[in-house]
Amino acid sequence: MAPGIPPGTALRIVMLGSKGLLQGRSPEETAGKLERFLLEVRGSPA
């Protein structure tokens, strides 16, 4: 386990990749899309 992270802590690493999936969107649309994604990841089991 990494230093400073308590044992039993669930970790998730999210790699967003290229910005290609977000091209053509306004900053507000991009923020909404990423927020929905992160809420979905947060709700999924580790």
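Provided above is the structure to which this section pertains.
Residues numbered from 1 in each chain as written. Predicted model: local features only at pLDDT ≥ 70, side-chain atom pairs only at ≥ 80, totals over all residues. Heavy atoms only, no water.

Novice: Looking at this structure, I do not really get a nonpolar patch on the surface. What am I missing?
Specialist: Taken together, the side chains of Val14, Leu16, Phe37 and Leu38 make up a nonpolar region of the molecular surface, amounting to roughly 360 Å² of accessible area. Relative to the helices and strands, Leu38 resides in helix α1 (residues 27-43). (Patch = residues over 30% accessible without salt bridge, like charges linked within 9 Å, V, L, I, M, F, W, Y side chains within 5 Å. Areas by Shrake-Rupley, 256 points an atom, 1.4 Å probe, with all protein chains shown as cover. Salt bridge = Lys/Arg side-chain N within 4 Å of Asp/Glu carboxyl O. Helix = DSSP H or I, 4+ residues; strand = E, 2+ residues; numbered from the N terminus.)

Novice: What's the story with the environment of Arg12 in this structure? I'm lost.
Specialist: Along the chain, the position of Arg12 falls in the segment before α1. A relative accessible area of 41% places Arg12 in the partly exposed class. (Buried < 20%, exposed > 50% of the residue type's maximum accessible area, 1.4 Å probe, protein only.)

Novice: It is not clear to me how the side chain of Thr30 should be interpreted in this structure. Could you clarify?
Specialist: If you trace the backbone, Thr30 turns up in helix α1. Under the relative-accessibility criterion, Thr30 is labelled buried at 17%. For Thr30, the contacting residues outside a window of four places in its chain are Leu22 and Arg25. (Contact = heavy atoms within 4.5 Å.)

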